[in-house]
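Given next are the chains, with one letter for each unit.
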Amino acid sequence: MAAMYHRGGPQQDWREGRRMGNFRGGFGDDPRGGPGGFGPRGAAPGGAGPAPQQPPEEINREKTCPLLMRVFPRQGGHHKLEEFADRNSLPDEIAIYTWMDADLRELSDLIKDVQPAARNRNARISFAFVYPDRRGRNVMRQVGVVHSTRPGEDDSKTLRQLNFQTGDYLDVSIY
């Protein structure tokens, strides 16, 4: 289970190139997807088809340092992108330390600990990543919905499978 409200986090090696993608392809080669990218809508450089799926790495949570995830819950709907534009006036925040193998069900259980509305037996918790695109503007991408009490198809999606990157925000809508 992920920990909440303490300091620490892994460093991402800039040589991996995961954040910036392949510079030779120009605009749109973001690994998250988009025209010409590695993601679900794009192809790998050279036109060789979609990028191959790598087998999930086993994470030893005893030895691996967790990453900081900044979570912004809201009841009734997702936040507007304009609310994330000014870093000094971000909406109410929950700091969660977790690992890349954490799934949406695990995150929803942590959110239920601090958000009473998420504990309602009919509550649905919608997750979206907020991150800057190549032009520096924030983008919101819906990644899944978890029902408070019933299992669903998005429950087992992990942060790694959803292409979460350290520094992304997690916007959470509780309805």
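Note that the coordinates shown come from a computational prediction; the quantities given were computed from them, not determined experimentally.

(A) Geometry of the overall build of the chain. Within the chain, the secondary structure is distributed over one helix and six strands. Reading the chain from its N end, one meets helices and strands in the order β-β-β-α-β-β-β. Put simply, of all contacts in the chain between residues at least 6 apart along the chain, 63% involve residues at least 24 apart. A total of about 10,700 Å² of accessible surface is found on the chain, and carbon and sulfur atoms cover 49% of it.

(B) Representation of helix H1 (residues 104-114) within the structure. With eight of eleven residues buried, H1 is to be regarded as a mostly interior element. Buried within H1 are the following residues: Leu104, Arg105, Glu106, Leu107, Ser108, Leu110, Ile111 and Lys112.

(C) Molecular detail of the nonpolar core. Met69, Val71, Phe127, Phe129, Leu159, Leu170 and Val172 are the most contacted members of the largest nonpolar core, which totals 26 residues. Elements that contribute at least two residues to this core include exactly strand S2 (67-75), strand S3 (94-98), H1, strand S4 (124-132), strand S5 (138-147) and strand S6 (169-174). Residues in contact with Val172, not counting those within four places in the same chain, are Val71, Phe72, Pro73, Arg74, His78, Ile111, Ile125, Ser126 and Phe127. Judged by nonpolar contacts, the second largest core, of five residues, contains Phe72, Phe84, Leu90 and Tyr169.

(D) Fine view of the pairing of S4. Counted residue by residue, S4 has seven buried out of nine residues, so it is predominantly covered. Relative to S5, S4 is paired through nine bridges, and the arrangement is antiparallel. In the sheet register, Phe129 faces S5, and the bridge partner there is Arg141. In the sheet, S4 pairs with S6 via six bridges, with the strands oriented antiparallel. By the bridge assignment for S6, Ile125 is matched with Ile174.

(E) A look at unusual backbone geometry. One non-glycine residue, Asn163, lies in the positive phi region at around 60 degrees. Examined against the element boundaries, Asn163 turns out to sit in the loop between S5 and S6. A relative accessible area of 31% places Asn163 in the partly exposed class.

Here is what the cut-offs are and how they apply
Residues numbered from 1 in each chain as written. Predicted model: local features only at pLDDT ≥ 70, side-chain atom pairs only at ≥ 80, totals over all residues. Heavy atoms only, no water. Helix = DSSP H or I, 4+ residues; strand = E, 2+ residues; numbered from the N terminus. Contact = heavy atoms within 4.5 Å. Areas by Shrake-Rupley, 256 points an atom, 1.4 Å probe, with all protein chains shown as cover. Buried < 20%, exposed > 50% of the residue type's maximum accessible area, 1.4 Å probe, protein only. Core = buried A, V, L, I, M, F, W, Y, C linked by side-chain atoms within 4.5 Å. Pairing = 2+ DSSP bridges.

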